[in-house]
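Chain residues, written in single-letter form:
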Amino acid sequence: RPPRSTLFPYTTLFRSDRSIFFSFDASGFERHAEKFTPLDASLKGQRFVVTGANSGLGLATSRSLARRGAEVWMLCRNEERGKSARDLVRAETRNDSVHLALVDMSSLASVDAFVADFQGGPISALVHNAGVLLDERTKTDEGFELTYATNILGAFRLTHGLRPALASGARVIFVASGGMYSTGLDLECLRRPAGPFDGVKAYAQTKRAQVELAKAMAAEFPTLEISAMHPGWADTPGVSSSLPGFYQHMKNRLRTPAQGADTILWLATSPEARGTRGRFYFDREPVETTLWFRRETSDAERRGLWQQLATDAGIEEFGEAP
């Protein structure tokens, strides 16, 4: 085992970087990007759905897709911020095929309303980017803890609802976080965070669940390219508002939103990303999902996650639990 003092120096996870600090930050991206192939092929005629699209990684993803001619559906919770983001992307990219849909990903009813109204046709990629990191325990009107409802349950329901529009070869990307390395999957804590509410721990549980759900879905739907990724440490409104101490300490080293979104775009559009099913990516390379001090999630635990989400989402049939 490597010494703890070197802070997880697995070369399979952090390449030749000596630590998380020099891998997840902007300097890590700049080193890794030296080998990247430019993402500049036209996406005209292709359709993409991006959740949490009004700022941060979601806005950067939407902007880059639209710049290459794609039809983009920006799913946002807030109407004013959503319209502003949509108009900004349209103006910057001169692409009128950028649409706003008002969707609260924490609300199953809101997700269902979007699915019922969606007339966009075949979807090339669905990007699950919406997420929250909260200071206080909050319940939705449907009775679920808000972090769980937003970050994982709503994504499960949306994927189910849009499944008929996800043609063979379509891609589904979960935007997870390196924070998921801090925890193993615990279904009870995922749904009902224990003890005094700790927003960082609740967030990490949902990000771990996203990674495991991507693996489970990939096994269940072999015609789809389903994967998860983490963006490194990016300068987004979510980071600055939810982790102000971290942001103040690291703000001069953070990645730009475009740098953080690069692997999202690569997974969603690049021919090189074919065959990514069920894997977890960082800076366009597959990486380990657990570190030496934590065991792997079992198939039985993934089945339990699938069944729990299906029950909470009110879905009786969504393939078979893997």
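Residues numbered from 1 in each chain as written. Predicted model: local features only at pLDDT ≥ 70, side-chain atom pairs only at ≥ 80, totals over all residues. Heavy atoms only, no water.

> How would you explain the pattern of salt bridges if you had to name every residue and give the values?
One side chain can pair with another of opposite charge once the charged atoms of both are near each other. Per the counting criterion, the structure on display carries 13 salt bridges. In this structure, R302 engages E212 in a salt bridge whose closest nitrogen and oxygen atoms are separated by 2.9 Å. Of this pair, R302 sits in helix α13 (residues 299–313) while E212 sits in helix α9 (residues 199–220), placing them 90 residues apart in sequence. When sorted by exposure, R302 lands in the same class as E212, which is buried. One salt bridge connects D283 with R255, and the closest N-O pair in it is separated by 2.7 Å. With D283 in the loop between β7 (280–282) and β8 (285–286) and R255 in the loop between α11 (244–250) and α12 (257–269), the pair connects residues that are 28 residues apart, well separated along the chain. Both residues of the pair, D283 and R255, count as buried. Salt bridges sharing common partners tie together R208, E212, D299 and R302. (Salt bridge = Lys/Arg side-chain N within 4 Å of Asp/Glu carboxyl O. Helix = DSSP H or I, 4+ residues; strand = E, 2+ residues; numbered from the N terminus. Buried < 20%, exposed > 50% of the residue type's maximum accessible area, 1.4 Å probe, protein only.)

> Explain the packing of aromatic side chains residue by residue, including any values.
Using the criterion set out here, one finds eleven aromatic pairs in the structure. Between W266 and Y281, the aromatic rings sit 5.6 Å apart at their centres with planes inclined by 50°, giving tilted as the arrangement. Linking W266 in helix α12 with Y281 in strand β7, this pair joins segments that are 15 residues apart in sequence. Both residues of the pair, W266 and Y281, belong to the buried class. Aromatic ring contacts, followed pair by pair, group F24, W233 and F282 into a single cluster. (Phe/Tyr/Trp six-rings, centres within 6.5 Å; stacked < 30°, edge-to-face > 60°.)

> I'd like a description of the environment of A214, backed by residues and values.
Among the structural elements, A214 can be located in helix α9. Apart from the residues lying within four places of it in its own chain, the contact partners of A214 are F174, I226, S227, A228 and G278. (Contact = heavy atoms within 4.5 Å.)

> Explain the environment of A268 to me, using residue names and the numbers behind them.
Within the secondary structure layout, A268 lies in helix α12. The class of A268 is buried, set by a relative accessible area of 4%. Along the primary structure A268 and A300 are separated by 32 residues, whereas in three dimensions their C-alpha atoms are 29 Å apart. Beyond its immediate chain neighbours, meaning those up to four positions away, A268 contacts F48, A125, R171 and I173.

> I'd like a description of the confidence of the model for the protein chain, backed by residues and values.
Averaged over the protein chain, the pLDDT score is 90; the fraction of residues at 70 or greater is 91%. Across residues 1–12, where pLDDT falls below 50, the model places 21 contacts with residues more than four positions away in sequence or in other chains. (pLDDT = per-residue confidence, 0-100.)

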